[in-house]
Every structure is written in C-alpha cells, then in structure tokens.
Protein chains: 2
Amino acid sequence: MVRSFVQDVEELKALLAVARGDAPAETVLRGGKLVNVLSGEGYPAEIALFRGRIAGVSLVAGTYSGETEVDLAGEYITPGFIDGHMHIESSLVVPPEFSNAVLPHGTTSVVTDPHEIANVHGIEGIRFMLASSEGLPLRVFVMLSSCVPATDMETSGARLSADDLAGLLSESRVLGMAEMMNYPGVVLGLDDMVRKAVMGHQSGVRMDGHSPLLSGQALQAYASAGIASDHESVSASEALEKLRAGLHVLIREGSTARNLDALLPVVNERTSRFCSFATDDKQPNDLARDGHIDHCVRRAIVGGVDPVTAIQMATINTARHFGLDDLGAIAPGYLADMVTFADLREPRISRTFSSGKLVAENGQVVSRSEVSVAAPRNLMHAANLRLESFAIRCEGKLARAIGVLPDQIVTRSEVVEVSQDGGYVVSDTQRDILKIAVIERHKGTGNVGLGLVKGFGLRAGAVASSIAHDSHNLVVIGVSDAEMLLAAQTVIGMGGGICAVRGGEVLGQLPLPVAGLMSDQPWESVRDAMQRLLEAAHDLGCPLDNPYMAMAFLALPVIPELKLTDLGLVDVTAFQLCPLFV
Amino acid sequence: MVRSFVQDVEELKALLAVARGDAPAETVLRGGKLVNVLSGEGYPAEIALFRGRIAGVSLVAGTYSGETEVDLAGEYITPGFIDGHMHIESSLVVPPEFSNAVLPHGTTSVVTDPHEIANVHGIEGIRFMLASSEGLPLRVFVMLSSCVPATDMETSGARLSADDLAGLLSESRVLGMAEMMNYPGVVLGLDDMVRKAVMGHQSGVRMDGHSPLLSGQALQAYASAGIASDHESVSASEALEKLRAGLHVLIREGSTARNLDALLPVVNERTSRFCSFATDDKQPNDLARDGHIDHCVRRAIVGGVDPVTAIQMATINTARHFGLDDLGAIAPGYLADMVTFADLREPRISRTFSSGKLVAENGQVVSRSEVSVAAPRNLMHAANLRLESFAIRCEGKLARAIGVLPDQIVTRSEVVEVSQDGGYVVSDTQRDILKIAVIERHKGTGNVGLGLVKGFGLRAGAVASSIAHDSHNLVVIGVSDAEMLLAAQTVIGMGGGICAVRGGEVLGQLPLPVAGLMSDQPWESVRDAMQRLLEAAHDLGCPLDNPYMAMAFLALPVIPELKLTDLGLVDVTAFQLCPLFV
C-alpha cells in the first residue's frame, strides 16, 4: 500500500510550525523560478524545506527564513523526474549504482519492475531489489512482476503465482502489479492471468499493461481487465486507441525501443495528463551519453511539446497515475524532490534535490551510494556444453530465421535457404544468416534451443550473454560452433555476464555476477566495459547500435514475430512453439 | 479502502468473453456520440454493456451484438456526473429519496460527508447513512466527518475522535476523511486535528479540506498537512492560490453558496484537470428547479468553458481525485454509469444509466427507490423552554450583530445600537435587527445562546429549525419572544423540523424526524412543504432567497466572521466566544 504525506503526529506538528512561519525552515531556496505543474505556471518563488518535505512556497521574497539559504540564481526549479516504467536490471548495475547514475540527470523516482531478476531468483530476487534500494536518495518503487515466466514456452529460474506475489503487496514501496505481458493470456481469460488481475484489484493496487500492437476487441478485452497503462505503443494511432480505452500512455524512449518521436502527435492539451515518460530498458552507456527522463523531456520539447507540459509528463502525471500523492509537484507537504536548470527550452540538470538534500550537482552525485546488500547466490547451471551442443542437423532446405529490425524489439519471421556443411546447418556471413543458441542456465536441464538470425551482421567470432529476456538463459550468436562454445563458456566462467570472442581470443567481457544480470561494480566501469564490448561487436561486423541488447530481446517470446527460447523457436503471433525447418 | 474493476475471477472471465466478442453483451447502445473524457474527443461509437460494466467500445458499428439493443438516436453519451462534495442531509431527505431526486439530473455518484447527522447521532448516524444508501442506483461514497463537533464553542450530540472514526475507514464506500473544517486547528497543529490527519495518511485515504479565505503561510501550513482539496473558494484568486498549493478545487454551486461564476476564470487548459464540481448543500426545491451537477455543467458552458472540459470536471476529474479508478469515463471495465442528452452546448439529461441499467428517463426515475432502513431514534431534548429563555437583559447601548450577506455563508460582524423595552433587548424591524436564539437540543443542558441578526428582514412572526450547522441545535429568529417560543415549541413537537409562525398561528411546517435533519417522505412532498415554508418566510418579510438555509449557517462557527452557538456569540476570526455587548 502506498502511503503519503507525514505519518507521525509530532513530525507533522513540526512541519506545520515551519509552514506557518513559527519555526525556521532547515533550508530556504531563494531566487528560483518555480515551474508549478499544478497550475501550469512559472513564477519566482522561494521554497522552505523541512525534514525532507516542502513546508511552504511563497511568492513574496523573505517570507520564510532558514538555517541554510541557497541562491538558485534565477534558475528554473521543477519537481524531480519520475521514470514510469523500467527495469533497473537493464542498467547492468544494482540499485545503488543505478541511483548514482541517474540522480545527476534529475531522476528522483523510478517505478521498476524487477522482472529480470524475478525470472532468475523469484521472490528472493524481488526482495533483493527492495532491500538494495532501501534508503537510497533515488526513490525506487516496485511493481510486482506479473508474468514469471512470461510464457510456458521457455524455462525460467522461477515461477510466480498470484499467491507467491500476494505477500509482497503490503510492502511500503510496492505499488502494484507490473506489466501484464502475457496479453494473449489476459485477453483469452486464462486462469493465472485473471487471478493475478483480480488479486491486484482486491488489493486496490495499480496494474500496468504491456500490449504491443493490440487493437480492436482484443484491446477492449485487455483494458476491461482493469489494466491501467501501456508502454508498448509504436505509433500515435496505436497510442490514441489505448488512451481512448483508458490506458495511461507511457511514452517509451529507451536503449532499444525508442518511440517518443512517433508518439508525440498523441500529446495535446486534452490528452497530455494521461501521458508520461518511461525508458523500460536503458543501458549505462546510453544513460551516460543521452541522459534519462531529462532526455525524454528535451526530446519532447524539440518535438513541439510545451515545456511545462513536458515537465508535467515527467512529474505529476506519473505520480498521480501511480497514486503517489505527495510526489511530482512542488507544493506544501510534498516530498522535496526537485531539479534546477537554466534553460526551460532545453533543460540540462544543474542540481538534483532528493528529500530536500542536494544529491547531485553539475553532473556528479554529491555523495556516492554504496553497494551493501548481498545478492542471492547465482549459479550458471549450464555445464557440459560441447561443440555438439550447437549442431543443427539439416532437415530441409528452407528454415525460419529471426529477422532483426534496427531499433526495434519486434522481429520479422523470415524464411531462408539454409547453408550446410556435412549435413549440418552453418552460419553464412555472406547472406548474414547466423546461428543462434539459447542455453538453459537455471536448472541444468541441458536444454539448448537452436535457430537462425538474419540482420545481426557478425562476420566473425561470437557474442554471448546471460541476459536474454525474460527467462535470462544464455544466448549466443556466432559464426562458428567453436566460437559459440568459447563465448558460452566464458560467460559461464564469469558466473554470468557478456562477452565477445574471435577464434580462441576473448575480445571483451563484463562479469554480471548478480543473477547474471547486474554488476556490483561502479556504473562507470560497467559503462566502460560495455563500451569495449560494443566496439568489439562492431569490429566483428555487427551494424546494430547495441548488439547485446538486441540479442537479449531475440529470446523474448511475448514480442512478435519470431523468437527463440531454450525450448526452441516461438511463433509469437500464433503464440506457440514452431519447428526450425519449413 | 476503495476497490475498483472486477473483483471476481469468473466474473472477469465472463466480461473478457464479451469484450473480445466471444459472448453477446447484455445491452449494446448504438447510434450515440461518445464524449470520451480520456482523449477529450467526441465520436460516434457503440457501447457494449455486461453486468453493470462497459465491456467494450467500438467505432465500427456492428462490432458488438447484445441481447438488448438501444438506439441513442444521435444523442451524446457521457459518463454519469459526480458531486465531489456534498451533505445529503441538506436535501432534507434520506438517501433513497435523494437518489430519486438526482438521478434524473444525471448524477450517478456523490461523495457525501454525513457531517450533519454525525453531529446529532455520531457513529450511529454515519452508519445509518451507509446502510440507507446501500444498493441504491446512486453510488454514495462517504467521507468520514472529521470535525464533530466543528469547534469546542458549541454543544453537539456527539464527539468523534480519530479512534472513533478509525473503525469506519475499512468500509467499502468510505473514501477518506471529510472536510477538515477546523482549519485554524490544523494550521496551529492542535492535537486532535493532527491525529486525524495522520490517521488518514497512515490509512492511505484521501482527505478533504475546508479553508475559507485561507491564504499565505496559513494556507501553506494547511496544505502541508496533506489536505487534498478545498470547496470554499469565493474568488478566482483564492482558488488559484489553493490550486498552486496542491488543493484540488471543488467549484461549489449549491443552494446557499454559489461560487461557480466567480471561480470560472481559474479554469483553463492547464488547470481544469485539478478542478471539479460540488454542491455542498442543495435543498430539494433548488434541485427540482435548477438541477444538480448538470446545472454546474450548463453554467460552466455558458461561462465559456469548453463543453468537454466541463464534462471532465463533472466526471473523470472527480473520480481520479478520489481514487475511483473505474468511474468517470466510458471505457472498458469501467462501471456503466452514463447519461445522454441532445445538445452538447446545453446538456439537459434525457437518460441516466447506472451500472448499465436505465434508471431515469425524461426527468423521471424508472423505478423509485424505497426508504427501508430505520433511522436512529431522535429526541429533541429541549423541554422547559419558557418566554424568559429568550430574554436578553440590556447591558449596554452597543451590541454585536450578525450581518447576513445574501448568497453567502460568511457573515459580517457588525456593531449596532440596541433597541430595548423595560431593560430587555427587543427586535427592531424598522432597522432590521432581530433576535436570534440557538437552543441546545441534544443533551438537555438548557443552554440557550442569544444574539442579534441584521439583514434577515422579518417584519413579523418567527422561524425556527432544528437544522443549524453544524451542531444542529434549535435555531430561532423572530420579532417577538412569544413567536420565537411558539416556533421553537412547534419544532420540538415535530421531533425536529422547520416552521414559520405568526402570532399564535403556525404558517407552515416540515417535520424532519430523522435526526431533526431529514424527512423519510417522498422528496417531492418535502419540496412542496419547503416551498410553502419559503413563501411563508417571504410573506413575513425575509428578502433572502432561502431564509432557512441562511439561518442554519448563522450557527456555524467555522465560517467568518460572527456566529451564534448555544454557548453564545463566536468571533470566528479570533476563533473564540465573545460577549454580545461591546
């Protein structure tokens, strides 16, 4: 259950005394231009802070006095930014390091779905994300991963029923049920999905959606289950249909899926209140280069959205959608999460305040949050891999291939002529057809799903990763079985991670010992290792912006059209496993 | 706790089947123009209904089929209207009759504060309002009366602490804490008020405000307590300051307080989402003549508000403010509360649907709700009144008089020269200075507060009422002590009610046996009796639009400037009792 405003009698009395001017504030921020997202105005104002909250705001300079006074020197001051839907795991670092990475960009709250670690470690994984985000200057709200595993067509490390999740609904930072990814299951009224929806409604919590390209009566059915949002729209017409059906539109601009430009036409003075920003998945190098929600705000303004409206979409709209009643505005009693910047037309964050404290300034955190909570023990149960594990016996001339689309997590289902050698299918770099494997790593089943991918572009070597949505088995793409084996063994040897190899050489590697998904090292070193890995993949010929993230989504069987799991190829449109050869 | 959407697994499966088109709807509404308050658009659409909810909406005619099909013949269809703050007691009828009165006006939900009956019967009174509104076609949501009594400067029938109220917070239709009327107590941090605020926050419920003319640091303090709304603004600048401070602006247009025209300037494309309509107090004759929230919508449109915006203020804005997630829009999964009308520029309700059923058509309810729940036993403990009870011994030449302002519940504190006869103050009809008495009726204390009122206008006779906000003692205004005594005794004899007398004759009377506040008779007969009472008061010379309602507010010591309780005159600005003579 979400609680808001002051929860303690003496604490509220003390706040009231400051607000009415009978006691000094801890800090008074003077000389700033307040962007008031409640009235849609900007005006000079001073802001009195007390014990993490805003005690009072005054248009009359000198109304409040404080023990500390800060001069904002004419900069704008707005509420801190909120990411409405994301998976911290995609940053490749644990919550304290993620906090260090995004605070300088003005993000003060995120609504995260610990779906990735939940697929590896189940409830223990969700509890780790709660524990390791406790007390951070970044507020981390959690939606309970509703689809673990996402489908029955893969092997995950855990399986979470409505009953398993019920015990977490009363946690103070748990806001509800995360994206109901099994949207065909919801539409068809499958028992597990319906039970989870009903459990959410009985608990009075919010329920997020995930319904790519869903339309017409299927969308009406999905919305009728009381699902409150969607972040999968890729066109304005898709977003408008969802908005009409009552789904809050989370405009996604992440590392792989970048929908902001396409969706801006849906934002107008009547609809903007039902729109927010989200990143879904954002890697540390992209965070460092582009920013986070501040990037969405700037992009929206460039795209023609009024700056105050864009800031509302990054603040109050998201807070209200999730029932975070004392977040997202600068008003009395609200949590004092705020950012400052000089230019309203191009907000570049100069200071970030969390609970009234300066936590980042000029691109740097003031004090670094430390990693202190031990992660669940992660084991890569994928031993006994051999060259033969990657062998595809040729059973026909034509086979399905996963067609990769740049900057998209949807794929095309293609049919290609296979290249073979001695009765076995081989990668064909001339036609950009590569072998892909998904190796079960949680339970030691020995399952290996094998297939072909087109558009990935490797001309040599192999890449491998223990990040492979959503079951996070071990995914490998390579030109030869030997290189695929080396890449897979390298990841297993690190206890999870990402690597690129050529011949017998490991070109780059990033250990991700936390669930095979996250590093416990400083985010900057992860960013640098990732940068080296990207360069290695590009050197090997891959033309994609982020080959590892693209590869990770090739295993996600809830996004059309063709995907690969440890159980084999999945025809997502038909929502069933399908053979490689046609 | 508020719950929303479908709470039952089999029920949701059945709804999903209808939504996706695999099972027929119960009813399909065709040929209407949907006003979609989520996208801010109007367009032709058909609406499929199933078991009280909207299963699906389609722009393509013929998508859905139903057991019953209704042709809306080109009329507009919008969500049912919601009154964001009101006291059902002011309608003078119990909830089933109130439902009968407002459904034809398109009101399908009200958020009521049973503050009046709570002041008479305490928790038992609140439980009566919950029980007697159970299962009505009108949805009655309850906010828990937070200030019973409103102040310590009066004698009420009950006293409710935070602990007393706590047990009601889990009731399914209880949304939170009602208007925190003791706003000086909140601002000053008085223990009882702070405890109630904290209890509300700990329970995660909404808390309504009541802060007439509050401004500057006092307003900042009031808002910092986490109070979420206000319905007392009388000017656009007052409303804007409150909106900036985070208070949702409930624009009130009731029987006595009519603030809509004055507040419309605050409504614009950026602020309208934080504005809603409310009536606060509306009597049956006004309901019959003007309408209810439909009246607010029409007035707002006449005042220049875009019709879709005005409808949003009557529907989705209010629903979202109170966390009623499946109310206030026509979208899948939402409760099928809807209205139709022919003219978007002047909505006059032709049909009202509640939970998908036609409940009113062309100004008439389809099926009358019956009064069935027994009210708490009401006793008028005000025996032993004598002529001397009304005597004011003259103790000076100048005295305070309550200055009545037409159409306002605020009064002016005036100083007048008293008229006397034999050492006693008497009413002076020449100068329009009348005697007023407030007689304690709950506990038989014998308390009688006496004072003077200016601007009430009686030239003969007396009027009396057991409705006297908020303690609902017996209030009497008259030209002579004998007529005041007769009026008071007439009300006592009815077990509560309203009357007008002249000489020894009772000109009109309306028994209100339920707590001395409400009738259990059909609302039309109450309206007619009230009409006769109004004519009687006007015949006696009172120029006020509604003398009884105006009189009832003269006893309310939380509205400035000068009021009278059974304990005596109250200087509301100083928030203390004050002597009659100066």
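Criteria and thresholds
Residues numbered from 1 in each chain as written. Chains lettered and ligands numbered in written order. Predicted model: local features only at pLDDT ≥ 70, side-chain atom pairs only at ≥ 80, totals over all residues. Heavy atoms only, no water. Phe/Tyr/Trp six-rings, centres within 6.5 Å; stacked < 30°, edge-to-face > 60°. Helix = DSSP H or I, 4+ residues; strand = E, 2+ residues; numbered from the N terminus. Buried < 20%, exposed > 50% of the residue type's maximum accessible area, 1.4 Å probe, protein only. Lys NZ or Arg CZ within 6 Å of the ring centre and 35° of its normal. Disulfide = S-S within 2.5 Å. Contact = heavy atoms within 4.5 Å. Salt bridge = Lys/Arg side-chain N within 4 Å of Asp/Glu carboxyl O. Expected span 1.5 Å × (residues − 1).

Student: Residue-level account of the packing of aromatic side chains, with values.
Tutor: Here the structure, examined in full by the defined rule, presents four aromatic pairs over all chains. Between A:Phe5 and A:Tyr334 the ring centres are 5.8 Å apart and the planes differ by 85°, which places this aromatic pair in the edge-to-face class. In this pair, A:Phe5 sits in the segment before helix H1 (9–19) while A:Tyr334 sits in the loop between helix H14 (316–321) and strand S14 (338–341), placing the two residues 329 residues apart along the sequence. Relative accessible area serves as the criterion here: at 8%, A:Phe5 is assigned to the buried category. Residue A:Tyr334 is classed as buried on the basis of its relative accessible area, which comes to 2%. Above the ring of B:Tyr43, the side-chain terminus of A:Arg244 is found at 4.4 Å from the ring centroid.

Student: Explain the state of the cysteines to me, using residue names and the numbers behind them.
Tutor: All names here are of chain A. For the structure on display, the rule yields zero disulfides over all chains. You can see Cys394 has no disulfide; the closest cysteine sulfur is in Cys578, sitting 17 Å from it. For Cys578, a relative accessible area of 13% gives the class buried.

Student: I'd like a rundown of the environment of A:Pro511, residues and numbers included.
Tutor: Residue and element names in this part refer to chain A. For Pro511, the position within the fold is in strand S27 (residues 505–511). Among the residues examined, Pro511 registers a relative accessible area of 40% and is labelled partly exposed. Residues Pro511 and Cys394 lie 117 residues apart in sequence; the distance between their C-alpha atoms is 35 Å. Setting aside residues no more than four positions away along its own chain, Pro511 makes contact with Met494, Gly496, Gly497 and Ser519.

Student: Could you give me a rundown of the pattern of salt bridges, with the residues and numbers involved?
Tutor: Taken as a whole and judged by the stated rule, the model has 70 salt bridges over all chains. Here A:Glu46 and A:Arg30 are joined by a salt bridge, their closest N and O atoms 2.4 Å apart. Taken together, the residues span a long stretch of sequence, with A:Glu46 in strand S2 (residues 41–50) and A:Arg30 in strand S1 (residues 25–36) at a distance of 16 residues. When its relative accessible area of 22% is taken as the criterion, A:Arg30 is described as partly exposed. Salt-bridge contacts for A:Arg206 lead to B:Asp325; the nearest nitrogen and oxygen are separated by 3.7 Å. One end of the pair, A:Arg206, is in strand S10 (residues 206–209); the other, B:Asp325, is in the loop between helix H13 (316–321) and strand S14 (338–341), on a second chain. Classification of B:Asp325 as buried rests on a relative accessible area of 18%.

Student: Before we move on, could you go through helix H14 (residues 481–493) of chain B and cite the residues and values that matter?
Tutor: All names here are of chain B. For H14, built from 13 residues, the straight-helix expectation of 18 Å at 1.5 Å per residue is met to within 8% by its first-to-last C-alpha distance of 18 Å. On the buried face of H14, the contacting elements are strand S22 (433–439), strand S24 (462–465), strand S25 (474–478), strand S26 (497–502) and strand S27 (505–511). In the segment just after H14, Gly495 is the residue with positive phi, at about 70°.

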